[in-house]
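Spelled out from the first residue to the last, the chains are:
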Amino acid sequence: MTENPQASSGDGPSLSRSTPLDPRYIELDRLLSQSQMFDAIIDEIDGRRIRIGNDWLVDFASCNYLGFDLDPQIMDAIPGQVRRWGTHPSWSRLLGNPRLYPEIEERLTYLLGAEDTLVLPTVTLIHMSVVPALAGRGTVFFDSQSHKTIYDACTFAQGLGATMHRFATGDIAQLEELLRNAASSPASESRRLVCMDGVNSMTGNLPDVTAFARLCREYDALLYLDDAHGFGVIGERRADEASPYGARGNAIVRHVGESYDNVILVGGFSKAYSSLLAFIALTTPLKNFLKVAAPPYLYSGPSPTASLATVLAGFDVNEARGDALRAELYRLTARVLSHVRALGLATPNTSGTPIIELPLTAGRDLAAVARNLWRRGIYATLAPYPMVPRDQVGIRIQVTAVHTDEQIDQLNDAVTELVGLGDLRIGIPRQRGGERS
Ligand SMILES: Cc1ncc(COP(=O)(O)O)c(C=O)c1O
């Protein structure tokens, strides 16, 4: 999700709990109290079905794109490693690394075709520590629809002395002008960092990495890409690829055939690989720099052993069956997208990735639409304001490789019924890239 609720400040109305509430949180606060699809307690799961209280629903809100969360081979990898290493290696990485770490980084480096990689527990921790470390007192430029965690990291970098600029999504000309101005400004250090999503977490679309990378090389800037949603789903293009997602799931840089020159790729295992770990693909000197300059490497508790074990087993499954799973993911996603398009819905997804946002008809109440979905047995991600701009409030569907065709039928039928109720916006999607409201 992309919007930044903290952008406005000031005294708003207060919660009954007497905490002052920023006006921009009001809608979110209302949904929290009114919608069962927020903050739900899940009582049980059965494949992609979840039970909440007495209701069984098909889950289209998880990001377990490859279904690794349910894969017996991956589950079975946990007990042996836990016996060997205990439940949690409670050293910070600087203090001690179970051998699982170099094994993971070597296999990941090979998979991505990068010079080197560094893993830390989450993408958020990486952004918050690496963006300020790389930016120093230089300049950070961020895409206006970047993930909230990138925005926060840029703000933190600004607090530590960097200059921060925003550019509209996809607007290369605007970014070039900002880079040119920064290059001629004597005020800041020369370090420049351009931050954006890879596969966008709301639209499912990809930026023009080749054009942005070229511009960054020209202005000696680093392109910092967060491909949390692309890693495991999209990968290198090959003549024998099993689907248009490409092969091996080795993320956006390889998918578009780019090199890692002037590019820092960040990704996570907590979506397609269903494990709590995240990575940075970078040069070895930069890795060594971050070992002393990125606080989570020095001070944070690491991922639990179970996550390290499932990442390693995930590499095995990815190698053996990943492309078949991605082909199935592509097929199921295409079934939803072609239905959505046949209905004329305004989804922004033009890429075919398994993130399908369906904006609401103007004036519709998200809590009421969520109730309509629930009655039809579907659980989805709600995207309220200020998590997205006001005109893009809607629901987000995530497909996984282990949904069944019957579950996709149930989703498509539910979407048709929501259209009949007038809940979902028909028409051409509004272009992302504009201003936040
Ligand atoms: C694009 C993007 N970046 C970062 C994150 C946060 O990742 P993590 O949970 O690893 O901190 C998310 C989570 O949804 C995301 O979608």
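The structure presented is a predicted model; accordingly, all values stated were derived computationally and were not measured.

The next subject is the confidence of the model for the protein chain. Low pLDDT marks regions whose predicted coordinates should not be analysed in detail. Confidence in the prediction of the protein chain, expressed as mean pLDDT, is 93, and 93% of residues score 70 or more. Across residues 2-15 the pLDDT falls below 50, and counting only partners more than four positions away or on other chains, this stretch makes 46 contacts in the model. Every residue in residues 433-437 is under pLDDT 50, and counting partners more than four places away or in other chains gives 20 contacts.

Evaluated as defined, the whole model comprises 26 salt bridges. Among the salt bridges present, the one from arginine 93 reaches glutamate 105, with a minimum N-O distance of 2.7 Å. Highlighted residues: arginine 93 in the loop between α3 (77-85) and α4 (100-112) and glutamate 105 in helix α4, separated in sequence by 12 residues. In this pair, the class of arginine 93 matches that of glutamate 105, namely buried. Across the pair arginine 237 and glutamate 241 runs a salt bridge, and its minimum N-O distance is 2.6 Å. It is possible to trace a salt-bridge network through shared partners that takes in Glu236, Arg238, Asp240, Arg248 and Arg254.

All right, on to helix α8 (residues 209-218) then. Within α8 the residues assigned to the buried category are Val209, Ala211, Phe212, Ala213, Leu215 and Cys216. Where the residues of α8 are buried, they touch β6 (163-167), α7 (172-184), β7 (192-197), β8 (222-226), α9 (251-255) and β9 (263-268). One or two positions beyond α8, positive phi appears at aspartate 220, with a value near 50 degrees.

What follows concerns the nonpolar core. Soluble, globular proteins show a tendency: their nonpolar side chains are buried together. Counting residues in hydrophobic clusters, the biggest one holds 98 residues, and the most contacted among them are Leu112, Val194, Leu223 and Leu265. A total of 12 residues in this core trace back to one element, the largest contributor, which is helix α12 (residues 305-342). In this structure, leucine 223 is in contact with Val194, Met196, Val209, Phe212, Ala213, Cys216, Asn262, Val263 and Ile264, ignoring residues within four places of it in sequence. Ala157, Ala162, Ala278 and Ala294 belong to the second largest nonpolar core, which has 32 residues in total.

A word on the environment of phenylalanine 315. Relative to the assigned elements, phenylalanine 315 resides in helix α12. Taking the relative accessible area as the measure of exposure, phenylalanine 315 reaches 3% and is therefore buried. Placed 65 residues apart in sequence, phenylalanine 315 and alanine 380 show a C-alpha to C-alpha distance of 28 Å. Ignoring any residue separated from it by four or fewer positions in sequence, one finds phenylalanine 315 in contact with Ile104, Arg107, Leu108, Leu111, Phe269 and Tyr273.

This part takes up the site of the ligand. Taken together, the residues surrounding the ligand are Thr122, Val123, Thr124, His147, Thr149, Ser201, Asp226, Ala228, His229, Ser270 and Lys271. One of the backbone N or O atoms of valine 123 is found 2.9 Å from an oxygen atom in the ligand. Take threonine 124: an N or O atom from its side chain is 2.5 Å from an oxygen atom of the ligand. For the shell around the ligand, the per-class residue count stands at two nonpolar, seven polar and two charged.

Before going further, it helps to spend a moment on the packing of aromatic side chains. Enumeration over the complete set of coordinates arrives at 12 aromatic pairs. Between phenylalanine 231 and tyrosine 273, the aromatic rings sit 5.0 Å apart at their centres with planes inclined by 10 degrees, giving stacked as the arrangement. Here phenylalanine 231, found in the loop between β8 and α9, pairs with tyrosine 273, found in the loop between β9 and β10 (278-282); they are 42 residues apart in sequence, far enough to count as distant. The residues phenylalanine 231 and tyrosine 273 share a single accessibility class, namely buried. A centroid spacing of 5.1 Å and a plane angle of 85 degrees characterise the contact between tyrosine 245 and tyrosine 330, whose relative ring orientation is edge-to-face. Of this pair, tyrosine 245 sits in the loop between β8 and α9 while tyrosine 330 is found in helix α12, placing the two residues 85 residues apart along the sequence. Among the residues examined, tyrosine 245 registers a relative accessible area of 2% and is labelled buried. Grouping aromatic residues by their ring pairs yields a cluster made of Phe68, Phe231, Phe269, Tyr273, Phe279 and Phe315. When the ring centre of tryptophan 56 is taken as reference, the NZ or CZ atom of arginine 49 above it lies at 4.5 Å. The residue whose ring lies beneath arginine 248 is tyrosine 110, and the NZ or CZ to ring-centre distance is 5.5 Å.

About the criteria used
Residues numbered from 1 in each chain as written. Predicted model: local features only at pLDDT ≥ 70, side-chain atom pairs only at ≥ 80, totals over all residues. Heavy atoms only, no water. pLDDT = per-residue confidence, 0-100. Contact = heavy atoms within 4.5 Å. Salt bridge = Lys/Arg side-chain N within 4 Å of Asp/Glu carboxyl O. Helix = DSSP H or I, 4+ residues; strand = E, 2+ residues; numbered from the N terminus. Buried < 20%, exposed > 50% of the residue type's maximum accessible area, 1.4 Å probe, protein only. Core = buried A, V, L, I, M, F, W, Y, C linked by side-chain atoms within 4.5 Å. Near = heavy atom within 4 Å. Polar contact = N/O pair within 3.5 Å; in protein donor to acceptor, adjacent residues only side chain to side chain. Nonpolar A, V, L, I, M, F, W, Y, C, P; charged D, E, K, R; others polar. Phe/Tyr/Trp six-rings, centres within 6.5 Å; stacked < 30°, edge-to-face > 60°. Lys NZ or Arg CZ within 6 Å of the ring centre and 35° of its normal.

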